[in-house]
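# Summary of the model geometry
Read off the chains here:
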Amino acid sequence: MSTPQMGIFSLGDGSHSFIEFALRGSPPANDVVVAVASMHDQRKTTDAVNLVVGFRPELWRAAAPADAPADAVSFDRALVGPDGYSMPATQADLFVWTAGPSYDVVFDIATAIIGHLAKVVVPVREVAGWTYRVNRDLTGFEDGTENPSLEEAPGIAIIPDGQPGAGGSILLFQQWRHKTDDWRATPVAQQERVIGRTKSDSIEFDASVMPANSHVSRTTVDENGQERKIFRRNTPYGTVGDHGTMFVGFANTRDPLQRMLERMAGIGDGVRDALTRFVTPLTGAYYFVPALSTLARFAPPAD
Ligand code: HEM
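A few points on the structure. (Residues numbered from 1 in each chain as written. Predicted model: local features only at pLDDT ≥ 70, side-chain atom pairs only at ≥ 80, totals over all residues.)

Secondary structure summary: the protein chain contains nine helices and 14 strands in total. Against the compact-globule benchmark of 19 Å for 303 residues, the protein chain has a radius of gyration of 19 Å, which places it among compact chains. Seen along its three principal axes, the alpha-carbon backbone of the protein chain occupies a region of about 60 × 40 × 35 Å. Within the protein chain, the proportion of its 303 residues that are buried is 43%. Across the protein chain, the fraction of contacts at a sequence separation of at least 24, relative to all contacts at a separation of at least 6, is 78%. (Helix = DSSP H or I, 4+ residues; strand = E, 2+ residues; numbered from the N terminus. Rg over C-alpha atoms; globule rule 2.2 N^0.38 Å. Buried ≥ 20, exposed ≤ 12 C-beta atoms within 10 Å, placed from the backbone. Contact = placed C-beta atoms within 7 Å.)

As structure tokens, then:
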């Protein structure tokens with residue numbers, strides 16, 4: 001049985017580091033995976049950090065073709081809605097998310113990881129994330145209410161055994177800057193219509209009053225009467241003057257993630273997600289997050 005990367009499901013960490021890397025020169029794909037797989041020192045339970053490592057899908061496929069899901073591909077071009085609203089493609093080669101109880105441990109481990117991987121990759125973007133009022137994003141709304149429970153989440157986020165990429169997950173990673181002044185100038189009743197839920201207790205609007213352009217409406221994707229689900233781990237980032245949401249969404253196929261993004265931009269029916277009037281995507285990338293057990297096959301023997 002394959003073992004997924006546990007960090008996908010490790011809720012409750014207060015401090016986060018998100019680092020995206022580009023290849024240093026043109027190392028063989030195999031060397032990059034071997035370097036990642038040999039990060040033994042960064043995986044000690046005593047460090048109390050959780051890690052999630054993802055690869056540009058094509059890079060992973062070059063190193064492990066038999067373990068690559070067919071539909072995993074990069075975010076290789078901007079996603080543009082009918083009114084010109086654009087979500088940029090900023091695909092990098094490697095993604096490392098370090099999460100822990102406080103930023104000092106996260107900082108030390110992320111520093112060690114950058115050093116460990118320095119021969120093959122160089123950081124191109126780094127964002128520090130933190131928890132806001134336990135489970136809220138910086139709109140002040142609870143974020144994750146409709147998320148599957150931890151019991152259901154592996155069935156939604158993890159590729160089942162027997163399929164290429166078993167135990168792995170497809171990650172959509174985007175940095176969204178919030179237009180907080182505009183949001184604060186919007187009455188709470190209107191904010192609630194933007195999200196499709198009440199602000200204080202996150203109760204979903206009844207279907208009879210749910211706006212068609214609410215965030216909940218646009219991210220609800222039905223197929224043959226069946227709702228397509230993803231597992232979200234959104235994390236606030238930034239300073240008082242410049243902040244937003246790191247969107248971190250996992251699924252066992254790319255399709256629901258991409259469909260949600262398209263619906264947010266109004267592709268298909270021209271209805272753009274009202275939330276996109278208040279948040280601006282700065283980055284966008286897909287990564288394949290392989291099973292720990294698959295990565296382990298690349299690890300050199302421990303000393
Ligand atoms: C700035 C970016 C975003 C913010 C602040 C945000 C915030 C929220 C909030 C407050 C909710 C309602 C509570 C909940 O069920 O979690 C929600 C729901 C949801 N969001 Fe987002 N979101 C963002 C981007 C995205 C993106 C990019 C996607 C997908 C690609 C997405 C997918 C979903 C889904 C699937 C739901 C649950 C819908 C339902 O079934 O009720 N969100 N989001």
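Further notes follow.
Taking 1.5 Å per residue, 14 residues should reach 20 Å; helix α3 (residues 103–116) reaches 19 Å between its end C-alpha atoms and fits that length. Taken together, the buried positions of α3 are occupied by Val106, Ile109, Ala110 and Ile113. Viewed end-on, α3 has its buried residues packed into an arc of 100°, placing them on one side of the element. Along α3, the residues that are exposed and aim more than 90 degrees away from the buried face are Asp104, Thr111 and Gly115. (Expected span 1.5 Å × (residues − 1). Arc of directions from axis to C-beta.)

With 70 residues, the main nonpolar core has Phe95, Leu171 and Tyr287 as its most contacted residues. Not counting residues up to four positions away in its chain, the partners in contact with Tyr287 are Gly54, Phe55, Arg56, Phe95, Leu171 and Phe173. (Core = buried A, V, L, I, M, F, W, Y, C linked by C-beta atoms within 7 Å.)

What follows concerns the site of the ligand. Around the ligand, 27 residues are found, and the nearest of them are Phe141, Glu146, Trp176, Thr219 and Met260. The set of elements that each furnish at least two residues to the shell around the ligand consists of β7 (169–178), α7 (215–218), β12 (243–251) and α8 (255–265). Looking at the shell around the ligand, its residues break down into 11 nonpolar, 10 polar and six charged. (Near = placed C-beta within 6 Å. Nonpolar A, V, L, I, M, F, W, Y, C, P; charged D, E, K, R; others polar.)

Position of Val33 among the secondary structure elements: in helix α1 (residues 29–37). Classification of Val33 as buried rests on a count of 25 C-beta atoms within 10 Å. Sequence-wise, Val33 and Phe55 are 22 residues apart; in three dimensions their C-alpha atoms are separated by 8.5 Å. The residues touching Val33, leaving out its near neighbours within four places in the chain, are Ala63, Ala64 and Phe298.

Let's shift gears to the pairing of strand β14 (residues 285–289). Most of β14 is tucked away: five of the five residues are buried. Across the two faces of β14 the burial is the same, with Ala285, Tyr287 and Val289 and Tyr286 and Phe288 all buried. Pairing between β7 and β14: five bridges, direction antiparallel. Across the sheet, the residue bridging to Leu172 is Tyr286, located in β14. (Pairing = 2+ DSSP bridges.)

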